[in-house]
Structures are given as structure tokens and as C-alpha cells.
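# An overview of the molecular structure
Listed below, chain by chain, are the residues.
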Amino acid sequence: MKYNPSFLDELEAEAIYVIREAYAQFERPTILFSGGKDSIVVSHLARKAFAPAGIPFALVHVDTGHNFPETIEFRDRYAASLGAELIVGSVQESIDRGTAQEEHGPLGNRNRIQSVTLLETIERERLDCLLGGGRRDEEKARAKERFFSHRDAFGQWDPKNQRPELWNLFNGAKQPGEHFRVFPISNWTEMNVWHYIRREGIELPSLYFAAPRQVIWRSNSWLPVSEFITLRPTEVPTEKMIRFRTLGDITITGGIESDAVTLDQIIAEVETLRQTERGNREDDKRSESSMEERKKQGYF
Amino acid sequence: MNVLRFTTAGSVDDGKSTLIGRLLYDSKSVFIDQLDAVAASSKRRGTELDLSLLTDGLKDEREQGITIDVAYRYFATPRRNFILADTPGHVQYTRNMVTGASTADAALILVDARHGVVEQTRRHSFIAGLLGLKAVIVCVNKMDLVDYAEAAFTKVCADYEPVRLAAGLPEVHFVPLSALVGDNVVDPSAHMPWYSGPTLLALLETLEPAVPEALSDFRFPVQTVIRPRTTEHHDFRGYAGRLAGGCVAVGDRVTVWPEELEAIVDGIYLGDQALPEAHYGQSVVLTLDRDVNVARGSVLTAGSVPQRGAELKAKLCWLDAKGHSPGLRYEFRAHGGHGQAMIAEVERVLNLETLAYEPGNGHLETNQIAEVVVRCATAPTTETYTSQRVMGGFILVDPVRGTTVAAGMIQ
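Everything numeric in this text was worked out from a predicted model, so none of it was measured.

## A closer look at the overall build of chain B
Within chain B, the regular secondary structure consists of nine helices and 22 strands. In terms of overall size, chain B behaves like a compact globule, its C-alpha atoms giving a radius of gyration of 24 Å where 411 residues would be expected to give roughly 22 Å. Counting only C-alpha atoms, chain B reaches 70 × 50 × 40 Å along its principal axes. A total of 411 residues make up chain B; the buried ones form 59% of that total. Residue pairs at least 24 apart in sequence account for 69% of intrachain contacts in chain B once pairs closer than 6 positions are excluded. Here chain B displays about 16,100 Å² of accessible surface, and carbon together with sulfur accounts for 51% of that area. Placing the 38 positive and 50 negative side-chain charges of chain B at their respective mean positions leaves the two points 4 Å apart.

## Considerations on the environment of L35(B)
All names here are of chain B. Examined against the element boundaries, L35 turns out to sit in helix α2 (residues 32-44). Assessed through its relative accessible area of 23%, L35 is described here as partly exposed. In sequence terms L35 and L51 are 16 residues apart; their C-alpha atoms lie 8.8 Å from each other. In contact with L35, other than residues within four places in its own chain, are Y25 and V30.

## Let's talk about the interface of chain A and chain B
Each side of the interface is counted separately: chain A has 59 residues, and chain B has 79 residues. For the pair chain A and chain B, the two sides together bury roughly 6,000 Å², of which 54% comes from carbon and sulfur. Put simply, chain A and chain B have three salt bridges between them. One salt bridge in this structure joins R296(B) and E21(A), with 2.8 Å as the shortest N-O distance. Put simply, chain A and chain B have 19 residue pairs in polar contact (both at pLDDT 80 or more) between them. Mapped by element, the contributors of at least two residues to the side of chain A that touches chain B are α1 (7-25), α2 (37-50) and α8 (290-296) of chain A. Looking at which element gives the most residues to the side of chain A that touches chain B, the answer is α1(A), with twelve residues. Residues belonging to the side of chain A that touches chain B are distributed by class as follows: 25 nonpolar, 15 polar and 19 charged.

## Some thoughts on the sheet that holds strand β5 (residues 135-141) of chain B
Residue and element names in this part refer to chain B. The sheet built from six strands is open, its strands ordered β2-β3-β1-β4-β5-β6 with mixed pairing. Two strands lie at the open edges of the sheet, namely β2 (71-77) and β6 (171-176), each paired on one side alone. The sheet shows a mean angle of 25° between the axes of neighbouring strands, taken without regard to direction. With four bridges joining them, strand β1 (residues 3-9) and strand β4 (residues 106-112) adopt parallel strand pairing. Looking across to β4, one finds that A9 is bridged to I109. Along the sheet, helix α1 (residues 16-26) contacts β1, β2, β3 (80-86), β4 and β5; its crossing angle with β2, the most-contacted strand, is approximately 30°. Here helix α6 (residues 150-167) sits on the sheet and contacts β4, β5 and β6; the angle it forms with β6, its principal contact strand, is near 160°.

## Quick word on the confidence of the model for chain A
On average, residues of chain A score 86 in pLDDT, and 89% of them reach the 70 mark or higher. Taken element by element, the predicted model of chain A shows its lowest mean pLDDT in α8(A) (55) and its highest in α1(A) (97).

## Concerning the pattern of salt bridges
Under the defined criterion, the tally for this structure stands at 43 salt bridges over all chains. Residues R5(B) and E14(A) are paired through a salt bridge, measuring 3.2 Å at the closest nitrogen-oxygen approach. Note that R5(B) is positioned in strand β1 and E14(A) in helix α1, a pairing that runs across two chains. Residue classification places E14(A) among the buried positions, given a relative accessible area of 3%.

## Re the domain arrangement of chain A
Residues and elements named next belong to chain A. Assigned domains within chain A: domain 1 (7-193 + 289-296) and domain 2 (205-283). The C-alpha-based centres of domain 1 and domain 2 are spaced at 23 Å. Taken together, the 26 residues of domain 1 in the interface contact 25 residues of domain 2. Buried area between domain 1 and domain 2, summed over both chains or domains, comes out near 2,100 Å², and the portion from carbon and sulfur atoms is 57%.

## A closer look at the packing of aromatic side chains
Residues and elements named next belong to chain A. Per the stated rule, a full pass over the model turns up 26 aromatic pairs over all chains. Seen from their ring centres, F148 and F170 are 5.0 Å apart, and the 15° between their planes marks the pair as stacked. Here F170 lies in the loop between β5 (148-151) and β6 (179-182) and F148 lies in strand β5, a separation of 22 residues in the sequence. According to the relative accessible area criterion, F148 is buried, its value standing at 4%.

## Remarks on the nonpolar core
Membership of the largest hydrophobic core comes to 89 residues, with the highest contact counts inside it found for L288(B) and L300(B). With nine residues, α1(A) is the single largest residue contributor to this core. For L288(B), the residues in contact, after removing those within four places along its chain, are Y239(B), V254(B), V256(B), A263(B), I264(B), V265(B), D266(B), V294(B) and L300(B).

Calculation rules
- Residues numbered from 1 in each chain as written.
- Chains lettered and ligands numbered in written order.
- Predicted model: local features only at pLDDT ≥ 70, side-chain atom pairs only at ≥ 80, totals over all residues.
- Heavy atoms only, no water.
- Helix = DSSP H or I, 4+ residues; strand = E, 2+ residues; numbered from the N terminus.
- Rg over C-alpha atoms; globule rule 2.2 N^0.38 Å.
- Buried < 20%, exposed > 50% of the residue type's maximum accessible area, 1.4 Å probe, protein only.
- Contact = heavy atoms within 4.5 Å.
- Areas by Shrake-Rupley, 256 points an atom, 1.4 Å probe, with all protein chains shown as cover.
- Lys, Arg positive; Asp, Glu negative; His and termini not counted.
- Charge placed at Lys NZ, Arg CZ, Asp CG, Glu CD.
- Buried area = accessible area lost by both parts, 1.4 Å probe.
- Salt bridge = Lys/Arg side-chain N within 4 Å of Asp/Glu carboxyl O.
- Polar contact = N/O pair within 3.5 Å; in protein donor to acceptor, adjacent residues only side chain to side chain.
- Nonpolar A, V, L, I, M, F, W, Y, C, P; charged D, E, K, R; others polar.
- Pairing = 2+ DSSP bridges.
- Axes fitted to C-alpha atoms, helices over the stretch in contact; angles between N-to-C directions.
- pLDDT = per-residue confidence, 0-100.
- Domains from an automatic or database assignment.
- Phe/Tyr/Trp six-rings, centres within 6.5 Å; stacked < 30°, edge-to-face > 60°.
- Core = buried A, V, L, I, M, F, W, Y, C linked by side-chain atoms within 4.5 Å.

Right under this line is the structure:
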């Protein structure tokens, strides 16, 4: 029997294996669901890993309160279609309780304080594992992530003291109060994710496809106009054909000009784009180490 | 092979980061914003475009100027996809090299053309052999600093032969190159007309390391049992896992370990799709024609009988900062079982200077490699590491701290 799996087949097999390990090794594993394509792919893989049984994970969403309306609508519909429980952690509630403080000033956003809400949600719901859509090709600090990434009782990642990961023997041993972040699609690139979405016919939020949108030009990308951003005196909203390569907090997720309205067109576009996808995320540009700093503090 | 997983090793100043940066840069795998960041960073440091900055990820590394952990890189050419585990080369980080090599098919070993085969070269080659890598590419780097002299290159090739034999490496290739200038990395060198072999990238694209697991007998360690308990699938009972060896087809007779019970595979599934057969590396769900006791840690096999002893002779690499003392207990984890274990005997310890095994004193320290006997409370189902990497590898976990303290390869 000659068998020559495609690269996507191999990546899928590896991801399903990792997801099943997370299920087998933890008591309350969940999926950290942002509504973005990577967490949608992880959810799709999780369904495939346990079929014909249902998906054995709740979806955890950290709601900054500054959302694209499409994200929330998609999240609710998708969770219902999977039959998965939805756990929402609200950044606004953390601010109201005084455990998180709003950043002020023109660069202020809720990206950093999401970590507070996430850790509060983990504690409240007694979660011991969050499966996420993080990929090692996204950013330099992520290139060193393990599949099973240990977090201490404060939710912190210690990059200098990571457990070595041998073969595919994942070690989920932990002390009470500690948890793990598990990254089944660690070895995928952005291109692999798009090809897989097309192959599997996975539905995505409309924000990924180009449409006329109101935007302003800020920090080298097109930022969507919403009730949550304050326009500076020189900024004038214009309408452009825009799509988003990643989805996050609406105040910091920049789009690109594009005419890609189908998956084929997006794939053709991504193949020619010579800029990494996080390049349009304002939060990563603050300093060379910004992702690493946030990860140490419990960010995904 | 549609994907090649490879690892890199070199001494601190062999120019490994520069080589990887060059491979990514010349194969056009670097994005504009990454390049902009590297250019800005190089400028701040007052250097020319420093390609090594493309791969040095963590803040401490930037401060110390060295790589301290395994980093994974991805690139693709029209011919193949590559997953690269970039590991640090200096001696105290042997554990990272072992980690990087454990998932690799091939290794790049860097040699500085000025210094030739050195102790580190021997050590890295030895670890590549120990971890069962089938192919090694010796990159003779910094040829620009020896005036591209053929003699420097042929000396490395000749001096490496005893290393190859000692390390037990079946397939070795040599490429003379300059990562800094870009000779023979992606583009052929104009400076070395005496070399007619492939460039490093061409070699990486065509390498076909042997995968003995694909041809071995069927091995299927069970990760978890799937029971939907829905009206539609009321009696469905499937065993989820990833093939660790060989292949299986519907109708095959298999043995379930540790009970040693026979059954026939009556269904193979991937998601909602029923498959006629499954192969090494695939994650599937199997159903059997009868009720047998199958749980996580059970192994389904066909053909040869797996190893079933509670005492395992193994080569062990000690990874933890805290050493081992006689009498300590660990948690044993392998695909074919887990449970309490102890190191019954440290038979011999590898002298990393001479690469000869010497009598042990019962203790193990960080980065030591030793021949040991591990005694498990419950016998796992295993194989020798040389015949099947997946079934032959195990880790030891500290039961209190939860850290992975050692990696073992069953002999």
C-alpha cells in the first residue's frame, strides 16, 4: 500500500493528535476562541478529532467590548452549530471591578488588559487547558513555543524555563492552579491555514473578505472607523475596498486594500503579499519585544 | 516526502543563525516587514544587514547575542515544505539539541572551514546518531575566510569519516559554503569551480531519508476512547490514535496489548469519512468487531510481537537542571503506557570529550547521556528505538515538579 500524504494531511494528523492529547491529559480543556480563522480551524479540527462524538470542549471568548459586530454574531452561531458551551470573559467587567485599568491616550487600547480578564476567567471556571490557534510562524517569540506550553499559577510563561518537548510525548503535568496553553496548529503557516480552509470548506466571518468599509489611515494600515476610536484632527474617514487578515479588537485591527471576495482570490493574494499578517496589528509595533512581553504576562 | 523536518546544530560562532537567515532570505521566505525590522535593528547596532537577526527570537538572546532555545522556522519552495528546528550549539544546551533532533528527519551540522572538525562537531554528530536521524549534511561554512580553498573542504570530509562511523550515521553529505556571502546556500557559488555538487537548498529539496516506521509492522497506541452515546451512534465505540508504525486495513486481524486479545478491525474513520485503510502518521479512529478492554495506553498491533518487559535497557539523556540520585522515583511516559518508574541502574555514562562510555556512579547530571536500566511499575508496550522511533522513545517526569527530566531511547 503506497501512501503519499500531502503536507496538509500531515499537518491535520499532527493537530488532531495534539488535540486528543489535550483532551486525555486535562480535566477541563477548552478552546480559546477569538472568532478569527485560526481558532475556527482549531475548532474544526477538534470536531474532526472526536467524530462521530460531539466536540468535548467549551469555547472561551475574551470580549474586549470593542468588537466587530460580525465577530460576535459569528461566534454565537458557530458555537451553537458545534453544540459547544460558550464561556465569555468580559474586559468591561474587569475594568468595572477595578482589576484592570483602561489605557488612555491616543495609543490606548484594551489589548494588553485582555490578559487580566483571561486569567480571571481561567480561575473562575477552573480551566486547566486552553487550546489556541497560535502558530510559530506568526512572530519571533512564538517560534519558540511548545505544543504544550506551561503557565504558572500567575498565568505567566517563562521562556527560559520551558519544558523540553521530545518526539510527540507531551507533558501536561501541573501543580494546582497552573494551566496549559496548547497549540495544535503550531507548525502551520498562514498559507497552510488558508489552503486548509478551502479544502475543508470552512465558513469564515465576512470580515476576511473584501467589502466597502469606512476606514482611516493610521500607522501604515487602514483602521476601521467605529464608535470605539477617537479620530485625530487630521484623520478623515474614507470608503475603501478592505479586508482583514487577522481579527482582533476593532480599535487596533488594521485592514488591507483588497478586491479579494472569494477564498481563491484571498489565497492568490496571500501568496503575493510580502508582509506578515501581524504587520497590521498596532499592538505588535510598540517595540521589538512587545509580543514576548505580553506572552510573559499571560497573553495568548 | 512532501515535508522535510530538519534540525541545525553548530558551535556558538559557526554562523548558524546567519546560515538560516541566508536560507530564508535567498529562498524568498522573508516578508518585507520582517526585513524592515532586521534592517532597522542592524542599523541601530551599526552593522550591515545582519541576517542572523531574522532568527534570534527572545529578548535575552538579543542581549547576549546567542540562541538559547529551540526555535522553529517554516519555509517552502515549489518542490518541498520545510520545518526547521533551530537549536543552540554550545555544550550546556545539549538538551535543546536532543529536543530539536527528536522530531527531525535530517540534521545540518556546521563546521567552520578555518577550524575543521572539532569536539562540538563530534558531539553534535553523536547526538544526531543517538536520536536516529537518517541523514546529515555537513555544512563547511566560512569558505570565504579560507580563500575558497578546496583543500580546506576535502580535509573536513576526510576528518569526518571516523566521526560518521562512531556516530552510526548512514547517510552524510558535504557542502562547502559561505552563509555570509551566500555561496552554495541557495545560489551556486562562482568562487568554487572545483565543487560540482548541489547547493544546500538543492540537497534539502531532494533528500529522501529512510522512514523505517512506514515499512514496519502495524502499531497503534490508543490516545482515548470515543463513545458518542447519541441515538444515532448509540453503540459506537472507537479507539482514537495516530499510527506509530505500518498500516492497517478494514478486515485486518490485530492484537490488543497489554491483554493480548485478538480482534478484527471493522471500521477506520477520519472525521465523518470512512476509510478502507490507514498508514503510518495518520490520526484515525478504529473500531473492532468485538468488545475488548481498550483504554489510553493500550496498543493495537499486527505482525511481530512488541516488547513487553517492565525492565527497559535504554540510552537516557538527562535534561533537567536538577540531577538524578539513586532511589528517586519518576513518572514514565511513552505511547505504549505510563506509570511509576525508577532508574534501577546507571550502567555507563558517556564521556562527551572522548565519546566513549565509562562506568557510572549511580548519579546523572544535566546534559549527561547514559546507558541505564529503567524499571516500570507496570510493563509498557514498546519497541527498540532503532526499529521504531515513536514506540521506542519515552520521557521521565519529576512527580513533584512536573518537569520533563529525561529522554530515553529503548535499546
